[in-house]
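A look at the structure
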Amino acid sequence: MPTDSLGSTQSEPWPILRLSFRPFFLFGSLFSIVALFIWLSLLSGSSVFDPFGGAIWWHSHEMLFGFVAAIIVGFLLTAVQTWTGVPSIKGGRLLFLLLLWLSARLLLLASLPLSGWWSIIVDLAFLPIAAIFFAIPIIRVKQYRNLVFVPILSFMSIANALMHWGVLSGDTRYVQQGSYSMIMLVSLVMSIIGGRIIPMFTANGTKTKKVPAIAWLEQLSIISMVLMVLIFITQAVLPKPFIAGLAFAACVSHFFRFFRWRFWVTFRVPLVWSLHLSYVCIPVGLLLLSAHYAFDVLTLAQAMHVLTIGGMGTMILSMISRVSLGHTGRPLIVGTLMSAAYGLVFVSAVVRIFGGALVENYQVVMACSIFAWAAGYGAFIVRYLKVLTRARVDGRAG
(Lines give C-alpha, C1' and ligand atoms only; values in the text may rest on other atoms or scores of the structure.)
Protein backbone atom coordinates (compact mmCIF):
# COMPACT_ATOMS: atom_id res chain seq x y z
CA MET A 1 0.00 0.00 0.00
CA PRO A 2 1.18 3.60 -0.54
CA THR A 3 3.00 5.14 2.40
CA ASP A 4 4.47 8.51 3.36
CA SER A 5 7.71 6.93 4.50
CA LEU A 6 10.86 8.41 3.00
CA GLY A 7 11.86 4.91 2.01
CA SER A 8 8.68 4.20 0.09
CA THR A 9 8.83 3.28 -3.56
CA GLN A 10 5.04 3.18 -4.10
CA SER A 11 2.83 5.76 -5.80
CA GLU A 12 5.81 7.81 -6.90
CA PRO A 13 5.62 10.42 -9.69
CA TRP A 14 8.03 10.45 -12.61
CA PRO A 15 11.62 10.23 -11.31
CA ILE A 16 12.42 13.81 -12.32
CA LEU A 17 9.58 15.08 -10.09
CA ARG A 18 10.43 13.02 -7.01
CA LEU A 19 12.67 15.61 -5.33
CA SER A 20 13.39 19.25 -6.10
CA PHE A 21 17.06 18.82 -6.90
CA ARG A 22 16.24 16.75 -9.98
CA PRO A 23 14.43 19.30 -12.21
CA PHE A 24 16.05 22.43 -10.83
CA PHE A 25 19.64 21.18 -11.09
CA LEU A 26 19.04 19.91 -14.62
CA PHE A 27 17.05 22.82 -16.05
CA GLY A 28 18.97 25.43 -14.06
CA SER A 29 22.29 24.20 -15.47
CA LEU A 30 20.90 24.02 -19.00
CA PHE A 31 19.43 27.51 -18.65
CA SER A 32 22.78 28.96 -17.55
CA ILE A 33 24.37 27.78 -20.81
CA VAL A 34 21.50 29.02 -22.99
CA ALA A 35 21.39 32.37 -21.17
CA LEU A 36 25.11 32.96 -21.61
CA PHE A 37 25.02 32.21 -25.33
CA ILE A 38 22.05 34.57 -25.70
CA TRP A 39 24.09 37.18 -23.81
CA LEU A 40 27.00 36.64 -26.20
CA SER A 41 24.68 37.08 -29.18
CA LEU A 42 23.27 40.26 -27.62
CA LEU A 43 26.80 41.62 -27.20
CA SER A 44 27.64 40.92 -30.83
CA GLY A 45 24.39 42.46 -32.06
CA SER A 46 23.35 39.27 -33.85
CA SER A 47 20.51 38.36 -31.48
CA VAL A 48 16.88 38.53 -32.51
CA PHE A 49 15.81 38.88 -28.86
CA ASP A 50 14.88 42.14 -27.17
CA PRO A 51 14.59 40.94 -23.58
CA PHE A 52 12.77 42.66 -20.75
CA GLY A 53 14.93 45.36 -19.17
CA GLY A 54 17.48 45.39 -21.99
CA ALA A 55 20.50 43.17 -22.57
CA ILE A 56 22.62 44.11 -19.54
CA TRP A 57 19.71 43.99 -17.09
CA TRP A 58 18.51 40.67 -18.49
CA HIS A 59 21.94 39.04 -18.29
CA SER A 60 22.56 40.15 -14.71
CA HIS A 61 19.03 39.29 -13.56
CA GLU A 62 18.76 35.92 -15.23
CA MET A 63 22.12 34.57 -14.05
CA LEU A 64 21.22 35.56 -10.47
CA PHE A 65 17.44 35.11 -10.25
CA GLY A 66 17.09 32.57 -13.05
CA PHE A 67 20.07 30.25 -12.70
CA VAL A 68 21.37 30.75 -9.14
CA ALA A 69 17.91 31.04 -7.55
CA ALA A 70 16.79 27.80 -9.23
CA ILE A 71 19.79 25.90 -7.82
CA ILE A 72 19.32 27.35 -4.33
CA VAL A 73 15.64 26.42 -4.31
CA GLY A 74 16.39 22.92 -5.62
CA PHE A 75 19.03 22.45 -2.94
CA LEU A 76 17.01 23.82 -0.02
CA LEU A 77 13.81 21.94 -0.87
CA THR A 78 15.87 18.75 -1.03
CA ALA A 79 17.92 19.45 2.09
CA VAL A 80 14.84 20.28 4.19
CA GLN A 81 13.64 16.69 3.79
CA THR A 82 16.96 15.39 5.10
CA TRP A 83 17.04 17.90 7.95
CA THR A 84 13.46 17.34 9.15
CA GLY A 85 12.56 13.80 8.05
CA VAL A 86 9.35 15.26 6.57
CA PRO A 87 8.76 14.64 2.83
CA SER A 88 9.40 17.70 0.69
CA ILE A 89 7.35 18.73 -2.33
CA LYS A 90 7.17 16.39 -5.29
CA GLY A 91 4.84 15.55 -8.17
CA GLY A 92 2.24 18.21 -8.92
CA ARG A 93 3.48 20.85 -6.48
CA LEU A 94 7.05 20.47 -7.71
CA LEU A 95 5.87 20.67 -11.33
CA PHE A 96 3.93 23.85 -10.49
CA LEU A 97 7.03 25.46 -8.98
CA LEU A 98 9.17 24.41 -11.95
CA LEU A 99 6.66 25.77 -14.47
CA LEU A 100 6.45 29.03 -12.50
CA TRP A 101 10.22 29.40 -12.75
CA LEU A 102 10.28 28.45 -16.44
CA SER A 103 7.38 30.80 -17.29
CA ALA A 104 9.29 33.73 -15.79
CA ARG A 105 12.35 32.89 -17.91
CA LEU A 106 10.28 32.79 -21.11
CA LEU A 107 8.28 35.93 -20.34
CA LEU A 108 11.37 37.99 -19.51
CA LEU A 109 13.17 36.82 -22.64
CA ALA A 110 10.26 37.32 -25.04
CA SER A 111 9.23 40.70 -23.58
CA LEU A 112 6.00 40.70 -25.61
CA PRO A 113 3.64 43.71 -25.66
CA LEU A 114 1.47 43.86 -22.51
CA SER A 115 3.53 41.08 -20.92
CA GLY A 116 5.67 43.35 -18.74
CA TRP A 117 3.57 43.21 -15.60
CA TRP A 118 2.93 39.49 -16.03
CA SER A 119 6.67 38.95 -16.34
CA ILE A 120 7.28 40.82 -13.09
CA ILE A 121 4.46 39.12 -11.16
CA VAL A 122 5.41 35.61 -12.23
CA ASP A 123 9.10 36.20 -11.61
CA LEU A 124 8.57 37.76 -8.18
CA ALA A 125 6.26 34.91 -7.10
CA PHE A 126 8.89 32.16 -7.39
CA LEU A 127 11.09 32.77 -4.33
CA PRO A 128 8.27 33.54 -1.82
CA ILE A 129 6.35 30.40 -2.82
CA ALA A 130 9.54 28.34 -2.57
CA ALA A 131 10.14 29.85 0.89
CA ILE A 132 6.67 28.71 2.02
CA PHE A 133 7.28 25.16 0.76
CA PHE A 134 10.62 25.20 2.58
CA ALA A 135 9.24 26.54 5.87
CA ILE A 136 6.30 24.13 6.25
CA PRO A 137 8.27 20.98 7.22
CA ILE A 138 10.62 22.99 9.47
CA ILE A 139 7.71 24.51 11.40
CA ARG A 140 6.02 21.12 11.58
CA VAL A 141 8.95 19.59 13.49
CA LYS A 142 9.89 22.87 15.24
CA GLN A 143 13.42 22.85 13.80
CA TYR A 144 13.62 26.61 13.97
CA ARG A 145 17.40 26.80 13.49
CA ASN A 146 16.99 26.14 9.78
CA LEU A 147 14.35 28.86 9.40
CA VAL A 148 17.32 31.23 8.88
CA PHE A 149 16.97 30.52 5.16
CA VAL A 150 13.42 31.91 5.06
CA PRO A 151 14.45 35.54 5.75
CA ILE A 152 17.34 35.05 3.33
CA LEU A 153 14.90 33.98 0.60
CA SER A 154 12.69 36.92 1.57
CA PHE A 155 15.57 39.38 1.18
CA MET A 156 16.36 37.77 -2.17
CA SER A 157 12.78 38.54 -3.17
CA ILE A 158 13.31 42.17 -2.15
CA ALA A 159 16.52 42.30 -4.20
CA ASN A 160 14.61 40.90 -7.16
CA ALA A 161 11.90 43.53 -6.72
CA LEU A 162 14.56 46.26 -6.64
CA MET A 163 15.91 45.10 -10.00
CA HIS A 164 12.42 45.20 -11.49
CA TRP A 165 11.73 48.61 -9.96
CA GLY A 166 14.90 49.86 -11.60
CA VAL A 167 13.40 48.99 -14.99
CA LEU A 168 9.97 50.48 -14.21
CA SER A 169 11.40 53.70 -12.77
CA GLY A 170 14.22 54.04 -15.26
CA ASP A 171 16.68 54.42 -12.36
CA THR A 172 19.68 52.12 -12.80
CA ARG A 173 20.71 52.63 -9.17
CA TYR A 174 17.95 50.26 -8.12
CA VAL A 175 19.17 47.69 -10.65
CA GLN A 176 22.66 47.80 -9.18
CA GLN A 177 21.28 47.76 -5.64
CA GLY A 178 19.21 44.66 -6.34
CA SER A 179 21.89 42.73 -8.22
CA TYR A 180 24.71 43.45 -5.76
CA SER A 181 22.41 42.67 -2.82
CA MET A 182 21.61 39.29 -4.37
CA ILE A 183 25.32 38.57 -4.83
CA MET A 184 25.95 39.32 -1.16
CA LEU A 185 22.95 37.22 -0.09
CA VAL A 186 24.14 34.22 -2.10
CA SER A 187 27.64 34.71 -0.67
CA LEU A 188 26.04 34.62 2.78
CA VAL A 189 24.30 31.34 1.89
CA MET A 190 27.63 29.95 0.67
CA SER A 191 29.23 31.00 3.95
CA ILE A 192 26.55 29.29 6.04
CA ILE A 193 26.38 26.12 3.97
CA GLY A 194 30.16 26.03 3.54
CA GLY A 195 30.70 26.17 7.29
CA ARG A 196 28.31 23.27 7.78
CA ILE A 197 29.54 20.94 5.05
CA ILE A 198 33.12 21.66 3.98
CA PRO A 199 34.84 20.52 7.20
CA MET A 200 32.63 17.40 7.31
CA PHE A 201 33.05 16.55 3.61
CA THR A 202 36.80 17.13 3.90
CA ALA A 203 37.09 14.73 6.81
CA ASN A 204 34.86 12.09 5.19
CA GLY A 205 36.39 12.40 1.73
CA THR A 206 40.02 12.33 2.82
CA LYS A 207 39.63 9.98 5.81
CA THR A 208 41.15 12.58 8.10
CA LYS A 209 40.03 14.11 11.38
CA LYS A 210 37.36 16.79 11.13
CA VAL A 211 38.57 20.28 12.01
CA PRO A 212 36.54 21.54 15.01
CA ALA A 213 34.76 24.86 14.62
CA ILE A 214 35.89 27.93 16.53
CA ALA A 215 32.73 29.64 17.74
CA TRP A 216 33.94 33.24 17.51
CA LEU A 217 35.39 32.70 14.04
CA GLU A 218 32.16 31.17 12.75
CA GLN A 219 30.16 34.04 14.22
CA LEU A 220 32.52 36.68 12.81
CA SER A 221 32.43 35.11 9.35
CA ILE A 222 28.63 35.06 9.23
CA ILE A 223 27.99 38.38 10.97
CA SER A 224 30.44 40.21 8.71
CA MET A 225 28.62 38.83 5.66
CA VAL A 226 25.25 39.84 7.13
CA LEU A 227 26.59 43.38 7.56
CA MET A 228 27.79 43.41 3.95
CA VAL A 229 24.31 42.34 2.87
CA LEU A 230 22.71 45.13 4.89
CA ILE A 231 25.06 47.75 3.43
CA PHE A 232 24.17 46.82 -0.13
CA ILE A 233 20.46 46.18 0.32
CA THR A 234 19.84 49.38 2.30
CA GLN A 235 22.31 51.46 0.24
CA ALA A 236 23.46 52.97 3.50
CA VAL A 237 25.51 56.11 2.94
CA LEU A 238 28.72 55.16 4.72
CA PRO A 239 32.29 56.39 4.31
CA LYS A 240 34.21 54.30 1.78
CA PRO A 241 37.00 53.54 4.29
CA PHE A 242 34.40 52.02 6.62
CA ILE A 243 33.03 49.72 3.90
CA ALA A 244 36.60 48.84 2.89
CA GLY A 245 37.46 48.00 6.50
CA LEU A 246 34.39 45.83 6.97
CA ALA A 247 35.05 43.98 3.70
CA PHE A 248 38.66 43.44 4.75
CA ALA A 249 37.62 42.12 8.19
CA ALA A 250 35.21 39.72 6.47
CA CYS A 251 37.99 38.72 4.07
CA VAL A 252 40.41 37.90 6.90
CA SER A 253 37.84 35.83 8.78
CA HIS A 254 36.97 33.80 5.69
CA PHE A 255 40.63 33.28 4.77
CA PHE A 256 41.29 32.04 8.30
CA ARG A 257 38.32 29.70 8.00
CA PHE A 258 39.54 28.46 4.60
CA PHE A 259 43.09 27.67 5.81
CA ARG A 260 41.80 25.89 8.93
CA TRP A 261 39.87 23.45 6.70
CA ARG A 262 43.19 22.13 5.29
CA PHE A 263 42.59 22.40 1.56
CA TRP A 264 45.96 20.75 0.89
CA VAL A 265 44.68 17.31 1.97
CA THR A 266 41.92 17.34 -0.66
CA PHE A 267 43.89 17.30 -3.93
CA ARG A 268 42.97 13.68 -4.76
CA VAL A 269 39.24 14.13 -4.05
CA PRO A 270 37.56 16.30 -6.75
CA LEU A 271 34.24 16.55 -4.91
CA VAL A 272 36.11 18.14 -2.01
CA TRP A 273 38.86 20.25 -3.60
CA SER A 274 36.25 21.85 -5.84
CA LEU A 275 34.40 23.06 -2.74
CA HIS A 276 37.59 24.54 -1.29
CA LEU A 277 38.40 26.18 -4.64
CA SER A 278 34.98 27.80 -4.74
CA TYR A 279 35.04 28.88 -1.11
CA VAL A 280 38.38 30.71 -1.40
CA CYS A 281 36.69 32.99 -3.94
CA ILE A 282 34.69 34.51 -1.06
CA PRO A 283 37.71 36.03 0.75
CA VAL A 284 39.37 36.90 -2.57
CA GLY A 285 36.22 38.68 -3.74
CA LEU A 286 35.96 40.50 -0.42
CA LEU A 287 39.62 41.52 -0.68
CA LEU A 288 39.02 43.01 -4.14
CA LEU A 289 35.89 44.69 -2.81
CA SER A 290 37.93 46.22 0.00
CA ALA A 291 40.58 47.39 -2.50
CA HIS A 292 37.88 48.97 -4.64
CA TYR A 293 36.52 51.06 -1.79
CA ALA A 294 39.89 51.83 -0.21
CA PHE A 295 42.04 52.65 -3.25
CA ASP A 296 39.66 52.71 -6.24
CA VAL A 297 42.10 50.47 -8.13
CA LEU A 298 39.61 47.81 -9.25
CA THR A 299 36.07 47.96 -10.55
CA LEU A 300 33.18 46.79 -8.44
CA ALA A 301 32.26 44.41 -11.27
CA GLN A 302 35.61 42.60 -11.01
CA ALA A 303 35.11 41.92 -7.31
CA MET A 304 31.54 40.80 -7.87
CA HIS A 305 32.51 38.42 -10.68
CA VAL A 306 34.99 36.70 -8.36
CA LEU A 307 32.04 35.98 -6.08
CA THR A 308 29.64 35.02 -8.87
CA ILE A 309 31.54 33.02 -11.49
CA GLY A 310 34.39 31.84 -9.28
CA GLY A 311 32.54 31.32 -6.04
CA MET A 312 28.94 30.58 -7.00
CA GLY A 313 29.65 28.95 -10.34
CA THR A 314 32.23 26.52 -8.97
CA MET A 315 30.43 25.77 -5.70
CA ILE A 316 27.13 25.18 -7.47
CA LEU A 317 28.70 22.73 -9.89
CA SER A 318 30.47 20.91 -7.07
CA MET A 319 27.36 20.74 -4.89
CA ILE A 320 24.88 19.70 -7.57
CA SER A 321 27.15 16.89 -8.73
CA ARG A 322 27.54 15.65 -5.16
CA VAL A 323 23.89 16.02 -4.13
CA SER A 324 22.72 14.31 -7.32
CA LEU A 325 24.86 11.27 -6.57
CA GLY A 326 24.00 11.08 -2.88
CA HIS A 327 20.24 11.48 -3.32
CA THR A 328 20.04 8.85 -6.05
CA GLY A 329 21.86 6.19 -4.04
CA ARG A 330 25.13 6.35 -5.98
CA PRO A 331 28.72 6.40 -4.66
CA LEU A 332 30.16 9.88 -4.08
CA ILE A 333 32.79 9.51 -6.77
CA VAL A 334 33.33 11.59 -9.90
CA GLY A 335 35.70 10.83 -12.72
CA THR A 336 37.93 12.82 -15.04
CA LEU A 337 35.05 14.52 -16.86
CA MET A 338 33.65 16.26 -13.79
CA SER A 339 37.12 17.03 -12.43
CA ALA A 340 37.80 18.88 -15.69
CA ALA A 341 34.39 20.55 -15.47
CA TYR A 342 35.22 22.10 -12.07
CA GLY A 343 38.46 23.44 -13.49
CA LEU A 344 36.76 24.84 -16.59
CA VAL A 345 34.24 26.86 -14.59
CA PHE A 346 37.06 28.29 -12.48
CA VAL A 347 38.96 29.13 -15.69
CA SER A 348 35.80 30.86 -16.91
CA ALA A 349 36.00 33.12 -13.85
CA VAL A 350 39.70 33.91 -14.30
CA VAL A 351 39.23 34.76 -17.98
CA ARG A 352 36.18 36.95 -17.29
CA ILE A 353 37.86 38.87 -14.46
CA PHE A 354 41.41 39.27 -15.73
CA GLY A 355 41.21 38.51 -19.46
CA GLY A 356 40.70 42.16 -20.33
CA ALA A 357 44.22 42.94 -19.11
CA LEU A 358 45.66 40.65 -21.81
CA VAL A 359 43.15 40.90 -24.68
CA GLU A 360 41.67 44.23 -25.70
CA ASN A 361 38.70 42.71 -27.55
CA TYR A 362 35.94 42.44 -24.93
CA GLN A 363 33.83 40.07 -27.04
CA VAL A 364 36.74 37.64 -27.39
CA VAL A 365 37.24 37.61 -23.62
CA MET A 366 33.54 37.06 -23.04
CA ALA A 367 33.36 34.31 -25.66
CA CYS A 368 36.29 32.42 -24.09
CA SER A 369 34.77 32.73 -20.62
CA ILE A 370 31.33 31.62 -21.83
CA PHE A 371 32.66 28.63 -23.75
CA ALA A 372 34.61 27.48 -20.68
CA TRP A 373 31.44 27.76 -18.55
CA ALA A 374 29.36 25.98 -21.19
CA ALA A 375 31.90 23.14 -21.37
CA GLY A 376 31.86 22.75 -17.57
CA TYR A 377 28.10 22.78 -17.11
CA GLY A 378 27.60 20.90 -20.35
CA ALA A 379 29.73 18.11 -18.88
CA PHE A 380 27.39 18.02 -15.89
CA ILE A 381 24.32 17.72 -18.13
CA VAL A 382 25.89 14.92 -20.18
CA ARG A 383 27.09 13.03 -17.12
CA TYR A 384 24.00 13.52 -14.94
CA LEU A 385 21.07 13.46 -17.36
CA LYS A 386 20.31 9.80 -16.61
CA VAL A 387 21.06 10.29 -12.92
CA LEU A 388 18.47 13.05 -12.60
CA THR A 389 15.78 11.52 -14.80
CA ARG A 390 15.87 7.91 -13.57
CA ALA A 391 14.83 6.31 -10.29
CA ARG A 392 17.28 5.81 -7.44
CA VAL A 393 19.57 2.83 -7.95
CA ASP A 394 18.78 1.51 -4.46
CA GLY A 395 15.01 1.44 -5.08
CA ARG A 396 14.18 4.04 -2.42
CA ALA A 397 11.91 7.01 -2.92
CA GLY A 398 13.37 10.33 -3.97
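Please refer to the structure higher up on the page.
Figured I'd write up the structure that's included with this text. (Residues numbered from 1 in each chain as written. Predicted model: local features only at pLDDT ≥ 70, side-chain atom pairs only at ≥ 80, totals over all residues. Heavy atoms only, no water.)

Turning to unusual backbone geometry, a few remarks are in order. Of all residues except glycine, most have a negative phi; of all peptide bonds, most are trans. Notably, Lys142 is not glycine yet its phi reads approximately 60 degrees, a positive angle. Mapped onto the fold, Lys142 is located in the loop between α4 (116-140) and α5 (149-169). Residue Lys142 is classed as exposed on the basis of its relative accessible area, which comes to 61%. (Helix = DSSP H or I, 4+ residues; strand = E, 2+ residues; numbered from the N terminus. Buried < 20%, exposed > 50% of the residue type's maximum accessible area, 1.4 Å probe, protein only.)

Mapping Val284 onto the fold places it in helix α10 (residues 281-295). Given the relative accessible area of 29%, Val284 is considered partly exposed. On a C-alpha basis, the gap between Val284 and Ala110 in space is 37 Å, while along the polypeptide they are 174 residues apart. Excluding residues within four positions of it along the chain, Val284 makes contact with Phe255 and Val306. (Contact = heavy atoms within 4.5 Å.)

If you trace the backbone, Gly355 turns up in the loop between α12 (336-354) and α13 (362-389). Ignoring anything within four residues of it in the chain, the contact list for Gly355 reads Val350 and Val365.

This brings us to the side chain of Ser339. Along the chain, the position of Ser339 falls in helix α12. On the accessibility criterion, Ser339 (18% relative accessible area) is buried. Excluding residues that lie within four positions of it along the chain, Ser339 makes contacts with Pro270 and Trp273.

Together, Trp117, Trp118, Ile121, Trp165 and Leu168 make up a nonpolar patch on the protein surface, roughly 630 Å² of accessible area in all. Elements supplying a minimum of two residues to the nonpolar patch: α4 and α5. At three residues, the largest contribution of residues to the nonpolar patch is made by α4. Tracing the backbone shows Trp165 in helix α5. (Patch = residues over 30% accessible without salt bridge, like charges linked within 9 Å, V, L, I, M, F, W, Y side chains within 5 Å. Areas by Shrake-Rupley, 256 points an atom, 1.4 Å probe, with all protein chains shown as cover. Salt bridge = Lys/Arg side-chain N within 4 Å of Asp/Glu carboxyl O.)

Let's shift gears to the packing of helix α1 (residues 21-44) against helix α11 (residues 300-326). At their nearest, the axes of α1 and α11 sit 11 Å apart, and the two run at 145 degrees to each other. You can see that α1 and α11 cross each other, and the crossing is left-handed. Between α1, through Phe21, Phe25 and Ser29, and α11, the contact on the second element is made entirely by Ile320, Val323 and Ser324. Of the residues assigned to the contact of α1 with α11, the class counts are four nonpolar, two polar and no charged. (Axes fitted to C-alpha atoms, helices over the stretch in contact; angles between N-to-C directions. Left-handed = near helix turned anticlockwise from the far one by under 90°. Nonpolar A, V, L, I, M, F, W, Y, C, P; charged D, E, K, R; others polar.)

Bringing α10 into the picture now. Given a rise of 1.5 Å per residue, 15 residues ought to cover 21 Å, and the 20 Å separating the end C-alpha atoms of α10 matches this to within 8%. Listed as buried for α10 are Cys281, Ile282, Pro283, Gly285, Leu286, Leu288, Leu289, Ser290, Ala291, His292 and Tyr293. Looking at the buried positions of α10, the neighbouring elements they touch are α6 (172-206), α7 (215-234), α8 (240-260), α9 (270-279), α11 and α12. Of the residues flanking the end of α10, it is Asp296, one or two places downstream, whose phi is positive at about 55 degrees. (Expected span 1.5 Å × (residues − 1).)

Moving on, we get to the pattern of salt bridges. All told, the structure shown has seven salt bridges when counted by the stated rule. Between Asp171 and Arg173 there is a salt bridge, and its shortest N-O distance comes to 2.7 Å. Exposure remark for Asp171: the relative accessible area of 17% places this residue in the buried category. Of the residues examined, Arg173 reaches a relative accessible area of 60% and is grouped as exposed. In this structure, Asp394 engages Arg392 in a salt bridge whose closest nitrogen and oxygen atoms are separated by 2.6 Å. Taking relative accessible area as the criterion, Asp394 reaches 38% and is therefore assigned partly exposed.

Linking two cysteines covalently through their sulfur atoms gives a disulfide. Under the definition given, this model contains zero disulfides. Left unpaired, Cys251 is separated from the closest cysteine sulfur, that of Cys281, by 12 Å. A relative accessible area of 2% means that Cys251 is categorised as buried. (Disulfide = S-S within 2.5 Å.)

At a minimum axis distance of 9 Å, the contact between α11 and α12 shows a crossing angle of 170 degrees. With respect to α12, the element α11 is oriented roughly antiparallel. Counting all contacts with α11, which are made through Gln302, His305, Val306, Ile309, Gly310, Gly313, Thr314, Leu317, Ser318 and Ser321, the residues of α12 involved are Met338, Ala341, Tyr342, Val345, Phe346, Ser348, Ala349, Arg352 and Ile353. Taken together, the residues of the contact of α11 with α12 sort by class into 10 nonpolar, eight polar and one charged. (Parallel < 35°, antiparallel > 145°, perpendicular 65-115°, else oblique.)

For α9, a buried count of nine out of 10 residues is recorded, marking the element as mostly surrounded by other parts of the structure. Listed as buried for α9 are Pro270, Leu271, Val272, Trp273, Ser274, Leu275, His276, Ser278 and Tyr279. Where α9 is buried, its residues contact α6, α8, α10, α11 and α12.

What follows covers the environment of Arg322. Tracing the backbone through its elements, the reader meets Arg322 in helix α11. Sequence separation between Arg322 and Leu153 is 169 residues, and the spatial gap between their C-alpha atoms is 23 Å. Those residues in contact with Arg322, other than ones at most four positions away along the chain, are Phe201, Leu271, Val272 and Leu332.

Residues Leu97, Met156 and Leu289 are the most contacted members of the largest nonpolar core, which totals 129 residues. For this core, the element with the most residues is helix α2 (residues 55-84), which contributes 17 residues. Contact partners of Leu289, with chain neighbours within four places excluded, come to Met184, Met228, Phe232, Ala247, Leu300, Ala303 and Met304. (Core = buried A, V, L, I, M, F, W, Y, C linked by side-chain atoms within 4.5 Å.)

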